Amino acid sequence: TTKIAVFASGSGSNFQAIQESIERGELNANIEVVVTDKPNAYVVKRAEKFGIPVFAFSPKDYASKATYESEIVKILKQKAVEWIVLAGYMRLIGDTLLTEYPNKIVNIHPSLLPAFPGKDAIGQAMEHGVKVTGVTVHYVDEGMDTGPIIAQRAVEVVDGNREATEERIHKVEHELYPKTLKKLFENK
Ligand code: GAR
């Protein structure tokens, strides 16, 4: 059983998809802790519902990224966390975490990277008028949504309909992320 931490800043639907995959016995992992930089995010409620510990912090309470990341590292080490899974964590990962978890941090992004990195990738894709966008799972490095690509899936845009497009993308994310994690943890 691979011990993981899920980092999230928002709704946490990907967190939930991973947890449900674990509970169905498909993904042999355990979410030791959910880490969030947004103490009021809905992901906190979801985690509580599943009885998973949460570490919620406000970056403004810390002098620097290195300071709060050191605190996070302490918690992850206490829990013997092996992999960090970013699921809508809207913050760059700094040197402290990258050094402690080399090649053990992954992210999911709602576009076919390198297209549309950063915030609101779905809005960016709609704005640009692309007909196909998608989902990418990749290793995390110091950049924003950069790092070696592990898996991608294409998703057709529903013309002029952001909500419907978003729904398609999330559905693909919820399948692709647990499936990709399974392969990574089984070292395939
Ligand atoms: C997901 O669509 C994820 O791909 C995206 O945030 C959303 C979080 O949703 N991540 C990024 O944009 C990273 N740059 P969730 O909180 O419901 O899982």
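As the structure is a prediction and not an experimental result, all values here were calculated from the model. Numbering of residues starts from 1 in every chain and runs along the sequence as written. Restriction of local features to residues with pLDDT of at least 70 applies here, the model being predicted, together with a cutoff of 80 or more for giving and counting side-chain atom pairs; totals for whole chains, interfaces and linings are based on all residues. For side-chain calculations, the full set of non-hydrogen atoms in the structure is used, while hydrogens and water are omitted.

## Regarding the UniProt feature "site: Raises pKa of active site His" (unreviewed entry) in the protein chain
Rules: UniProt positions are given in the numbering used here, feature names are shortened, and annotations may be inferred rather than shown by experiment. The helix and strand labels rest on DSSP assignments: H or I over at least four residues marks a helix, E over at least two residues marks a strand, and numbering proceeds from the N terminus. The cut-offs for exposure are 20% and 50% of the maximum accessible area for each residue type, with area from a 1.4 Å probe on protein chains only; residues under the lower value are buried, those over the upper are exposed, and the others partly exposed. It only takes one pair of heavy atoms within 4.5 Å for two residues to be counted as in contact. Under the rule applied, a polar contact is a pair of N or O atoms within 3.5 Å (in protein, one hydrogen donor and one hydrogen acceptor; residues adjacent in sequence only if both atoms are side-chain atoms).
As annotated by UniProt and renumbered to match this structure, "site: Raises pKa of active site His" (unreviewed entry) occupies Asp 145. Mapped onto the fold, Asp 145 is located in the loop between strand 6 (132-139) and strand 7 (149-156). Asp 145 gets classed as buried once you look at its relative accessible area, which sits at 17%. In contact with Asp 145, other than residues within four places in its own chain, are Asn 107, His 109, Leu 113, Pro 117, Gly 118 and His 138. A distance of 3.1 Å separates a polar atom in the side chain of Asp 145 from a polar atom in the side chain of Asn 107.

## Describing the site of the ligand
Applicable threshold: We call a residue near a molecule or strand when any one of its heavy atoms sits within 4 Å of it. Using a 1.4 Å probe, accessible areas were evaluated by the Shrake-Rupley method; residue-level cover was limited to the displayed protein chains. Residues are grouped as follows: Ala, Val, Leu, Ile, Met, Phe, Trp, Tyr, Cys and Pro are nonpolar; Asp, Glu, Lys and Arg are charged; every other residue, Gly included, is polar.
In the vicinity of the ligand, 14 residues are found, and the nearest of them are Gly 12, Ser 13, Asn 14, His 109 and Glu 173. Ser 13 places a polar side-chain atom, nitrogen or oxygen, 2.6 Å from an oxygen atom of the ligand. One of the side-chain nitrogen or oxygen atoms of His 109 is found 3.1 Å away from a nitrogen atom of the ligand. Notes on the ligand: free accessible area 450 Å², of which the protein chains cover 88%. In the shell around the ligand, the residues fall into three nonpolar, nine polar and two charged.

## Observations concerning the pairing of strand 4 (residues 83-86)
The test is simple: In this analysis, strands are considered paired if DSSP registers two or more bridges between them. Handedness rule for crossovers: strands pointing away from the viewer, path from the first strand over the helix to the second running clockwise, crossover right-handed.
Alternating residues of strand 4 divide into Trp 83 and Val 85 and Ile 84 and Leu 86, and every residue in both groups is buried. Where strand 1 (residues 2-7) meets strand 4, four bridges bridge the pair, whose relative direction is parallel. When the bridges of strand 4 are listed, Ala 5 appears paired with Ile 84. Sheet analysis places strand 4 next to strand 5 (residues 105-109), joined by three bridges and oriented parallel. Looking at strand 5, one finds that Val 85 is bridged to Val 106. Chirality of the crossover, the property in question, places the unit of strand 4, helix 4 (residues 95-100) and strand 5 among those that are right-handed.

## Concerning the sheet that holds strand 4
Consider a sheet: its strands pair through backbone hydrogen bonds, and that pairing is either parallel or antiparallel. What counts is decided by this rule: Axis definition: a line fit to C-alpha positions, over the contact stretch in the case of helices; interaxial angles, taken between N-to-C directions, run 0 to 180 degrees.
Read across the sheet, seven strands follow the order 3-2-1-4-5-6-7 without closing on themselves; strand pairing throughout is mixed. Pairing within the sheet leaves two strands with one partner each, and these edge strands are strand 3 (54-56) and strand 7. Neighbouring strand axes in the sheet, compared pairwise and without regard to direction, differ in orientation by 20 degrees on average. Taken together, the four bridges between strand 5 and strand 6 define a ladder with antiparallel strand orientation. Each residue of the ladder has a partner; that of Asn 107, found in strand 6, is His 138.

## What to know about helix 6 (residues 162-185)
Selection criterion: Multiplying 1.5 Å by the residue count of a helix minus one yields the expected span of that helix.
The terminal C-alpha atoms of helix 6, which comprises 24 residues, lie 34 Å apart, in line with the 34 Å expected from a rise of 1.5 Å per residue. Looking at helix 6, one finds that the buried residues are Thr 165, Ile 169, Val 172, Glu 173, Leu 176, Tyr 177, Pro 178, Thr 180, Leu 181, Leu 184 and Phe 185. The opening residue of helix 6, the one whose side-chain oxygen lies 3.3 Å from the backbone nitrogen of Glu 163, is Asn 161.

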